Amino acid sequence: MPTGPAGPSVPRAPLSVPVPVTVVGIGADGWAGLPGGSRAALREADVLIGGPRQLALLPEECAGERVAWPSPLRPAVPGLLAAHAGRRVAVLASGDPMFYGIGRTLSEVLGEILGADALRAGALRVLPHPSSVSYACARLGWPVEDTEVVTLVGRPTELLAAALHDGRRVLVLSAGAATPAEVAALLTGRGYGPSRMHVLEQLGLEQLGLEQLGHEQLGADGEYGPGRERHVEGLAQEWAEPAGDPLNVVAVECRRAPDAPRLGAVPGLPDTAYEHDGQLTKRHVRAATLAALAPAPGELLWDIGGGSGSIAVEWMRTDRSCRAVSVERDPARAERIGRNARALGVPGLRVVTGGAPGALAGLPVPDAVFIGGGLTVPGLLESCWDALPAGGRLVANTVTLESEALLAEWYRRLGGELVRLAVAHAVPVGGFTGWRQAMPVTQWAVTKADSPRAARHPHVPRVPGPPRVSGPPRVSGPPRVSGPPRVSGPPRVSGPQQVPGPPQVPSAGEER
C-alpha cells in the first residue's frame, strides 16, 4: 500500500459515507466549555464517535448512538463511516481537530473517497475548540508563533531531540502521564538538564466553577478531583515529580549545559555527533552534499551505502516532514544508523539492511538519491536514475579513480555539475602549524531532465571502468617557422631603411 507523510493512504473506493460529517472540538472543560453551535451539533447527531474519555464528557441529552474509535484508527475510518451512511454523524476531537487531530485524518480520507470538490462544498464540517497549545501559551505568557510544538502522541520521545536549541521554547503534547518523566530523562541525556520544565494538566478547567463541572470531574470530597487544572515546574535534571494526570502538556525552556555539544539547525553537524567506525561523510563534505541534494518539506531521500547515516539524518533534520530511507548492506552499520537517528531526533529514519540495487525493490519513489558507496556495482546507477521522477536529484560522492571515471562518463552524457571537494585542516608540525589534506572527494550532482542533454539521454549504459584512451594526445610540436620573410627585391624606402625583426611566434597561451 502506498505511504505518505501521514501514514498508509486509503485507496479510493465507491463507499457511501454520511455527508456532512461534523467534527466537534472539545476540551477538558467538557460540555460546559462548548459554544451553542457545537452543543447543537452533538444534540442533533444520530451517531457520536470519539474516544471513551471524550464520550464520557457528554450529557444524556446527547442521545445519539455512542461509538468508540477502534485501534488502529486510520484504516478503520472508511468502513466506520460507511456503516453509518445516511445518518447524522458527529465526531469528537480534543481541542482543535485540525491541529494534530482527527480532523486531518477525516479530511484526507473523505478527500480520497469523495474528492477535493466535495470537501470544499462542505462534506466535512469542523467546529474547533481552543487547543492545548493556545491554553498553555496563555498560561505561560509565551507567543504562540515563537513556540516550537512537538507531539509525542503515538510517537517516540526521541523526536524531541531535534527541537532542542539553547533558549528555545518548546511545547510537548504528551502521550500520557509518563511523558513528563520521559521528557526530563531525554533532556538530561542530551545535555539539556538545566532546562526548566512546566507540566500543565487539564488545561481549560481553571475558568469553571464547581456548578459547571460534571460529576466525573469532581472528587468524592466535593473539591476538584484528578481533573483539576494543575501546573508543576522544575529543572529537568532534578525532576522527581510523580506521574500526574494523563491529559497534560509539557513546556520546556531549553538551556544547554556548558559541556554539552552545540548542534546547529543546518547541515554540517560536528563529526563527533555521530557514532561511526570511520565510514562517515565528514562535516564539510556533508554540508556541501546536503546543499546539492536541496531537501524540501515532505520530500523522500534514498541514502545508498548509508555508513553512519549522516546524510539521511541531516536530510530529515532540515524539516520534520522530510523522510529518508538508508540502505546499508552491513548489519552492524545498519544498527548504528538507527542509533544515530534516534540520538539526533529523527527516529523515523527507515533503515534497510541489504545491498543495492537489489534492496531498492519496493521502496517508495524518491525525490532525491544520494550514493555514498558502491558506485561500481553493476546496475546501481541505472536503477537509481530510473527510479527518480522528473525533477528528482541524484548526488554521488567518491574518492576512487575508478568511480570518478564512471561519474565523469555520466556527467559527459547527462550534464549536471561535477566538482572536486578538497578540505585541509591545520595541525601541529613540530613547534609550528601546517595543513593536513584530506582525501579529495569528487561529487556529481544532476537533476533529471534539467537540461536538453538529460532529456535526450534518459538511460545511460553502465561504464565498467575509466574511458578508453588510445594513447597520449597527439602533439604537433611548436608552430612551424619557415624562416625569414621572403623579400622580392630591395625594400621601398621613403626614409631610413627599416629592417624587419625575427618572425613572431605565438605564446603557449595563444596556441590553438
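Going by the structure above, here's the rest.
Residues numbered from 1 in each chain as written. Predicted model: local features only at pLDDT ≥ 70, side-chain atom pairs only at ≥ 80, totals over all residues. Heavy atoms only, no water.

The subject of this paragraph is the packing of helix 8 (residues 283–293) against helix 9 (residues 310–317). Helix 9 packs onto helix 8 with a crossing angle of 55° between their chain directions and a minimal axis gap of 10 Å. Relative to helix 9, the element helix 8 is oriented oblique. Between helix 8 and helix 9 the crossing geometry is right-handed. Two secondary-structure elements touch here, helix 8 through R286, T289, L290 and L293 and helix 9 through S310, I311, E314 and W315. (Axes fitted to C-alpha atoms, helices over the stretch in contact; angles between N-to-C directions. Helix = DSSP H or I, 4+ residues; strand = E, 2+ residues; numbered from the N terminus. Parallel < 35°, antiparallel > 145°, perpendicular 65-115°, else oblique. Left-handed = near helix turned anticlockwise from the far one by under 90°. Contact = heavy atoms within 4.5 Å.)

Here we come to the packing of aromatic side chains. Pairs of aromatic rings are described using the distance from one ring centre to the other and the angle between the two planes. One pass over the structure, following the stated rule, counts two aromatic pairs. A ring pair is formed by F99 and Y100, whose centres lie 5.0 Å apart and whose planes are at 80°; its orientation type is edge-to-face. F99 gets classed as partly exposed once you look at its relative accessible area, which sits at 31%. Note on Y100: relative accessible area 41%, which makes it partly exposed. Above the face of the W385 ring, K448 is positioned so that its terminal group lies 5.4 Å from the ring centre. (Phe/Tyr/Trp six-rings, centres within 6.5 Å; stacked < 30°, edge-to-face > 60°. Buried < 20%, exposed > 50% of the residue type's maximum accessible area, 1.4 Å probe, protein only. Lys NZ or Arg CZ within 6 Å of the ring centre and 35° of its normal.)

A separate point is unusual backbone geometry. Each neighbour pair has its own omega, and for S71 with P72 the value is 0°, a cis peptide bond. Of note, P72 is situated in the loop between strand 5 (65–68) and helix 3 (77–83). Between A356 and P357 the backbone carries a cis peptide bond, its omega angle lying at 10°. Mapping P357 onto the fold places it in the loop between strand 15 (350–353) and strand 16 (368–371). Notably, A294 is not glycine yet its phi reads approximately 50°, a positive angle. The residue A294 is located in the loop between helix 8 and strand 13 (300–304) in this model. Its relative accessible area of 39% is what places A294 among the partly exposed residues.

With that out of the way, let us pick up the environment of T281. When you line up the elements, T281 lands in the loop between strand 12 (248–253) and helix 8. With 13 residues separating them along the chain, T281 and G268 place their C-alpha atoms 9.9 Å apart. Among residues more than four places away in sequence, those in contact with T281 are R286, S310, I311 and F370.

All right, on to the nonpolar core then. Counting residues in hydrophobic clusters, the biggest one holds 26 residues, and the most contacted among them are I304, V327, L360, I371 and L394. Only strand 13, strand 14 (323–328), strand 16, helix 11 (380–387), strand 17 (393–398), helix 12 (401–414) and strand 21 (441–447) provide two or more residues apiece to this core. Sequence-distant contacts of I304, that is, excluding residues within four places in its chain, are made with V327, A356, L360, V369, F370, I371, G372, G373, L380 and C384. In this structure, Y274, A324, L344 and A445 belong to the second largest nonpolar core, which totals 22 residues. (Core = buried A, V, L, I, M, F, W, Y, C linked by side-chain atoms within 4.5 Å.)

Below, the discussion takes up helix 8. Among the residues of helix 8, those classed as buried are V285, R286, T289, L290 and L293. Summarising the axial view, the buried residues of helix 8 lie within an arc of 135°, below the 170-degree limit, and thus occupy one face. Packing partners of the buried residues in helix 8 comprise strand 13, helix 9, strand 16, strand 17, strand 18 (417–421) and strand 21. Just downstream of helix 8 lies A294, where phi reads positive at about 50°. (Arc of directions from axis to C-beta.)

Spatial strand order, 5-4-6-3-7: five strands in an open sheet with parallel pairing. Edge positions in the sheet fall to strand 5 and strand 7 (124–127), since each has one partner strand and no second. Averaged over neighbouring strand pairs, the angle between their axes works out to 25° when direction is ignored. As defined by bridge partners, strand 3 (residues 21–26) adjoins strand 7 across four bridges and the pair is classed as parallel. (Pairing = 2+ DSSP bridges.)

Looking now at the pattern of salt bridges. Applying the stated criterion across every chain, the model contains 20 salt bridges. A salt bridge links R286 to E314; its shortest N-O distance comes to 2.7 Å. With R286 in helix 8 and E314 in helix 9, the pair connects residues that are 28 residues apart, well separated along the chain. Both residues of the pair, R286 and E314, belong to the buried class. Linked through salt bridges whose partners overlap, the residues forming this network are E275, D277, R333, R336 and R339. (Salt bridge = Lys/Arg side-chain N within 4 Å of Asp/Glu carboxyl O.)

So, on to the side chain of D29. As for its placement among the helices and strands, D29 is situated in the loop between strand 3 and helix 1 (36–44). Summary of buried charges: D29 has no salt-bridge partner, and the nearest side chain of opposite charge, R139, is 8.1 Å away. (Lys, Arg positive; Asp, Glu negative; His and termini not counted.)

Relative accessible area serves as the criterion here: at 24%, P357 is assigned to the partly exposed category. Along the primary structure P357 and L381 are separated by 24 residues, whereas in three dimensions their C-alpha atoms are 8.5 Å apart. When near neighbours in sequence (up to four residues on either side) are disregarded, P357 contacts V377, P378, G379, L380 and S383.

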